[in-house]
Amino acid sequence: MGRKLDPTNKVKRGPGKKSRKQKGAETELAKFLTDEDNGAKRLSSRGRKRGGKTHKRQEEEYSYQMEEEEDDDEDDDEMVDDYGTQEDVNDFIILLQLLPIERAAKKEKKRKQSVSPESEDDEDDDDDDEEGGKADSDSDMEEEEDLLQTNIDEMDTFRLPKAEETEKEGVLPLDLKQIHQRIKDNIDVLCNFATKREQGKDRSDYITLLKKDLCTYYSYNNYLIEKLMDLFPLSELVDFLEANEIHRPVTIRTNTLKTRRRDLAQALINRGVNLDPLGKWSKVGLVIYDSSVPVGATPEYLAGHYMLQGASSLLPVMALSPQEGEYVLDMSSAPGGKTTYIAQLMRNTGVIVANDVNAERLKSVVGNIHRLGVTNTVVSNYDGRQFPKVKQLQVLLDAPCSGTGVIAKDPGVKTSKDEADILRSAHLQKELILSAIDSVNAESSTGGYLIYCTCSIMVEENEWVVDYALKKRNVKLVPTGHDFGSEGFTRFKERRFHPSLRLTRRFYPHSHNMDGFFVAKLKKFSNVIPTVTSGKGNQEMVEADNATAVTSSEEKSTDQIKVSTVPVKGASSLSKAQTNGKSDKKPAGKKDLQPGAKKWLEQIQHRKEMPQSSRKKKEASLRKNSVRLENTHESKEENRKE
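Residues numbered from 1 in each chain as written. Predicted model: local features only at pLDDT ≥ 70, side-chain atom pairs only at ≥ 80, totals over all residues. Heavy atoms only, no water.

- As annotated in an unreviewed UniProt entry, the chain is NOP2 nucleolar protein homolog (yeast) from Neogobius melanostomus.
- Annotation of the chain in UniProt includes, under Sequence similarities (unreviewed entry), the sentence "Belongs to the class I-like SAM-binding methyltransferase superfamily. RsmB/NOP family." (UniProt positions renumbered as here; feature names shortened; annotations may be inferred.)

### A look at the overall build of the chain
Here is step 1 of the chain: Within the chain one finds 22 helices and 17 strands.
Here is step 2 of the chain: Counting only residues that meet the buried cut, the chain has 35% of its 642 residues in that class.
Here is step 3 of the chain: When the accessible surface of the chain is summed, it comes to about 41,000 Å², and 51% of that surface belongs to carbon and sulfur atoms. (Helix = DSSP H or I, 4+ residues; strand = E, 2+ residues; numbered from the N terminus. Buried < 20%, exposed > 50% of the residue type's maximum accessible area, 1.4 Å probe, protein only. Areas by Shrake-Rupley, 256 points an atom, 1.4 Å probe, with all protein chains shown as cover.)

### Some thoughts on unusual backbone geometry
Here is step 1 of the chain: Note the cis peptide between Ala 334 and Pro 335, where omega equals 5°.
Here is step 2 of the chain: By the element assignment, Pro 335 lies in the loop between strand 5 (327-330) and helix 15 (337-345).
Here is step 3 of the chain: Unusually for a residue other than glycine, Asn 348 sits at a positive phi of about 60°.
Here is step 4 of the chain: Within the fold, Asn 348 resides in the loop between helix 15 and strand 6 (351-355).

### Remarks on the packing of helix 10 (residues 222-231) against helix 11 (residues 234-243)
Here is step 1 of the chain: Running from N to C, helix 10 and helix 11 cross one another at 130°; their axes reach a closest spacing of 8 Å. Taken together, the axes of helix 10 and helix 11 lie oblique to each other. In this structure, helix 10 crosses over helix 11, and the sense of that crossing is right-handed. Contacts from Ile 225, Leu 228 and Met 229 in helix 10 reach Leu 234, Leu 237, Phe 240 and Leu 241 in helix 11.
Here is step 2 of the chain: Grouping the amino acids of the contact of helix 10 with helix 11 by side-chain chemistry returns 7 nonpolar, no polar and no charged. (Axes fitted to C-alpha atoms, helices over the stretch in contact; angles between N-to-C directions. Parallel < 35°, antiparallel > 145°, perpendicular 65-115°, else oblique. Left-handed = near helix turned anticlockwise from the far one by under 90°. Contact = heavy atoms within 4.5 Å. Nonpolar A, V, L, I, M, F, W, Y, C, P; charged D, E, K, R; others polar.)

### Concerning the sheet that holds strand 2 (residues 273-277)
Here is step 1 of the chain: What the 4 strands build is an open sheet, ordered 2-3-1-4; its pairing is antiparallel. The outermost strands of the open sheet, each flanked by one partner alone, are strand 2 and strand 4 (306-308). For this sheet, the mean angle separating the axes of adjacent strands, direction not counted, is 35°.
Here is step 2 of the chain: Across 5 bridges, strand 2 lies against strand 3 (residues 285-291) in antiparallel orientation. Among the inter-strand pairings, Pro 277 is bridged to a residue of strand 3, identified as Leu 286. (Pairing = 2+ DSSP bridges.)

### A closer look at the UniProt feature "active site" (unreviewed entry) in the chain
Here is step 1 of the chain: The positions UniProt marks with the feature "active site" (unreviewed entry) are Cys 455.
Here is step 2 of the chain: Mapped onto the fold, Cys 455 is located in the loop between strand 9 (448-454) and helix 19 (463-472).
Here is step 3 of the chain: Not counting the four nearest positions on each side in its chain, Cys 455 is found in contact with Cys 401, Gly 403, Thr 404, Gly 405, Val 406, Gly 516 and Phe 517.

### Observations concerning the pattern of salt bridges
Here is step 1 of the chain: Per the counting criterion, the structure on display carries 19 salt bridges.
Here is step 2 of the chain: The salt bridge involving Arg 506 is made with Glu 463; its shortest N-O contact spans 2.9 Å. Linking Arg 506 in strand 14 (residues 505-507) with Glu 463 in helix 19, this pair joins segments that are 43 residues apart in sequence.
Here is step 3 of the chain: Residue Arg 506 is classed as buried on the basis of its relative accessible area of 1%.
Here is step 4 of the chain: Shared partners join several salt bridges into a network, and the residues in it are Lys 227, Glu 460 and Arg 495. (Salt bridge = Lys/Arg side-chain N within 4 Å of Asp/Glu carboxyl O.)

### Here's the deal with helix 7 (residues 176-191)
Here is step 1 of the chain: For helix 7, with 16 residues, the first-to-last C-alpha span of 23 Å sits near the 22 Å given by 1.5 Å per residue.
Here is step 2 of the chain: Listing the buried residues of helix 7 in full gives Ile 179, His 180, Arg 182, Ile 183, Asn 186, Ile 187, Val 189 and Leu 190. (Expected span 1.5 Å × (residues − 1).)

### Quick notes on the pairing of strand 1 (residues 250-254)
Here is step 1 of the chain: Of all 5 residues making up strand 1, 4 are buried, and the element is well covered by its neighbours.
Here is step 2 of the chain: As judged from the 4 bridges shared by strand 1 and strand 3, these two strands associate in the antiparallel manner. Pairing of Thr 251 across the sheet is with Val 287, part of strand 3.
Here is step 3 of the chain: The pairing of strand 1 with strand 4 spans 3 bridges and is classified as antiparallel. By the bridge assignment, Arg 253 is partnered in strand 4 with Met 307.

### Things to note about the confidence of the model for the chain
Here is step 1 of the chain: With 61% of its residues at a pLDDT of 70 or more, the chain has an overall mean of 76.
Here is step 2 of the chain: A low-confidence stretch, residues 34-39 stays under pLDDT 50, and its non-local contacts, those more than four residues away or across chains, total 4 contacts.
Here is step 3 of the chain: Between residues 533-594, whose pLDDT stays under 50, and residues either more than four places distant or in other chains, the model counts 88 contacts. (pLDDT = per-residue confidence, 0-100.)

### Considerations on helix 16 (residues 362-372)
Here is step 1 of the chain: Every buried residue of helix 16 is listed here: Leu 362, Val 365, Asn 368, Ile 369, Arg 371 and Leu 372.
Here is step 2 of the chain: Packed against the buried residues of helix 16 are strand 1, helix 13 (299-302), strand 4, helix 15, strand 6 and strand 7 (377-380).
Here is step 3 of the chain: Gly 373 sits one or two positions beyond helix 16 and adopts a positive phi of about 75°.

### Description of the side chain of Thr 404
Here is step 1 of the chain: Considering the arrangement of structural elements, one finds Thr 404 in the loop between strand 8 (394-398) and helix 17 (413-416).
Here is step 2 of the chain: One polar contact links Thr 404 to Ser 456, side chain to side chain, over a distance of 3.0 Å.
Here is step 3 of the chain: Ignoring anything within four residues of it in the chain, the contact list for Thr 404 reads Leu 224, Phe 240, Val 413, Cys 455, Ser 456, Ile 457 and Met 458. (Polar contact = N/O pair within 3.5 Å; in protein donor to acceptor, adjacent residues only side chain to side chain.)

### So, the packing of aromatic side chains
Where two aromatic rings form a pair, the distance of their centres and the angle of their planes describe that pair.
Here is step 1 of the chain: Counting across every chain of the model gives 10 aromatic pairs.
Here is step 2 of the chain: Judged by centre distance (5.5 Å) and plane angle (45°), the rings of Trp 281 and Phe 484 are tilted. In this pair, Trp 281 sits in the loop between strand 2 and strand 3 while Phe 484 sits in the loop between strand 10 (475-478) and strand 11 (486-487), placing the two residues 203 residues apart along the sequence.
Here is step 3 of the chain: The exposure class of Trp 281 is partly exposed, given its relative accessible area of 23%.
Here is step 4 of the chain: A relative accessible area of 19% means that Phe 484 is categorised as buried.
Here is step 5 of the chain: Grouping aromatic residues by their ring pairs yields a cluster made of Phe 232, Phe 240 and Tyr 508. (Phe/Tyr/Trp six-rings, centres within 6.5 Å; stacked < 30°, edge-to-face > 60°.)

### Regarding the nonpolar core
Here is step 1 of the chain: Residues Leu 228, Leu 241, Leu 397, Ile 433, Leu 450 and Tyr 452 are the most contacted members of the largest nonpolar core, which totals 61 residues.
Here is step 2 of the chain: Beyond its immediate chain neighbours, meaning those up to four positions away, Ile 433 contacts Leu 397, Leu 450, Tyr 452, Val 465 and Ala 469.
Here is step 3 of the chain: Of all hydrophobic cores here, the second largest spans 34 residues; its members include Leu 278, Ala 319, Ile 369 and Leu 396. (Core = buried A, V, L, I, M, F, W, Y, C linked by side-chain atoms within 4.5 Å.)

### Focus on the environment of Tyr 382
Here is step 1 of the chain: Here Tyr 382 shows up in the loop between strand 7 and strand 8.
Here is step 2 of the chain: Ignoring sequence-local partners within four residues, the contact set of Tyr 382 consists of Asn 355, Asp 356, Val 357, Phe 387 and Pro 388.

Laid out in structure tokens, this is it:
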């Protein structure tokens, strides 16, 4: 019924569905093979040379292979057909059995293998070219080095800018990098001025330019830069200025009244705080590098286990070294860091008077006292200059100052402080230190000690004030107990201070990594307040004619005057009046004497210059007065007897 299949008649059928789908791959493969075979490009001259070398080498290899094949043909007994050896035939058969894509991939692999020896030849050619160009490159390098050396020589010789360049700097925007480099070069010239200075230029020219550049780059006023240049060597000045641009590390003090430093450190580390011990000189300090939580709001802080306190403010309390059961006065106590540290060292024994002139700042003192568990402190609000003279065993005076040691915390100091501010602070500090010394009891068993400290680095607020106290009160300087820190100045510019001022200690941010600070420890050896002293330091007495005995001319000469010695505050010493109204030494100027001494000296001088006639009249009147006084005295005695 259907179509019969004739097995003898073979009908050629077309490609199936799957082969029709693969027809596109064949066409693409044909395109790929066509591009590969016919896609020749125009080569450069260098490429043509390499191609010629490659072709020549291939011909040599082909001739060599042919010779080897002839030798092999002679040795082989088996005969092969025109298609080649059996291996080549097998490879060809395998190649026919592969898909078109696989045959193309295999052909590409063979092509890469044939290209690899060419690449080696290219590398050899490149090596030859490099060797040929080495000579040229070496010569170019030598020329560049010579040019670089000349530029370095020109840079080494620093030259002052001309007037035209300075005018341009005033108009054009500032180039801080150029100014910073000029500061370094200028300091280098000043440190080696004999060898590196410019001909015809004085040292003052370089210093003037350096002051201007420092004021511009670091934003200081001219007065403060001049003061700092007097304090530090030029090589150290830039380090100090750079240190003031960086904040000091955050430090805390462990409150040993409530915890130990080891336990506190472990608790803070568990909260994600990165810290280390402050140093070998402190047993309670910790320095914090970074923290994942606010250091001033942790449960440990609120519980009073530690106090945020700068490393430099620990030094005066350590120098005071209070003992248990003592009476201590903290004259400027706000915000309470030093007061609570004193209470911690005294183990809440004895009595501490925490005084401050600012009532608002005393609120922070009260808050810290309660939070840290201090129970032996009395808070007062007095002006330190009029503080009641209650004899304390020891006194700590952290005097108000200009704050030139804490510029990193308060950058406004750079431009806000001038000479008037420094002198005003120094005058207040002199008054405070005298009042603090008067509050110290020299007769205590442990000795009356006073710690004077400031957060300033100015000589006017430190050595000058301490030297003034040494002249005005019976005190002396003793070692502070710190084995680090710079010694205080015994001479500064035209000023000369007491040699014992080298026992004081200075701390700088660039060398000790803490705020600038000054610490001096004085010991009071007498509660007596000396009167105004002379240049030699001895107490002076003024001879006054307080009780004059006038006798008759027969017994004593009228010119002989008996003068008794009466101490007068603020007067210079005089020798006793000798006969004929003459003295061995000239009396001191009247401006140095009290009114009573001036009056007696005027009378003595008047008697010397008085003529004899008037002198006789004066003597007669004196005799009459003396006789009258004797008669009245006798009459009073008689009446009293009756």
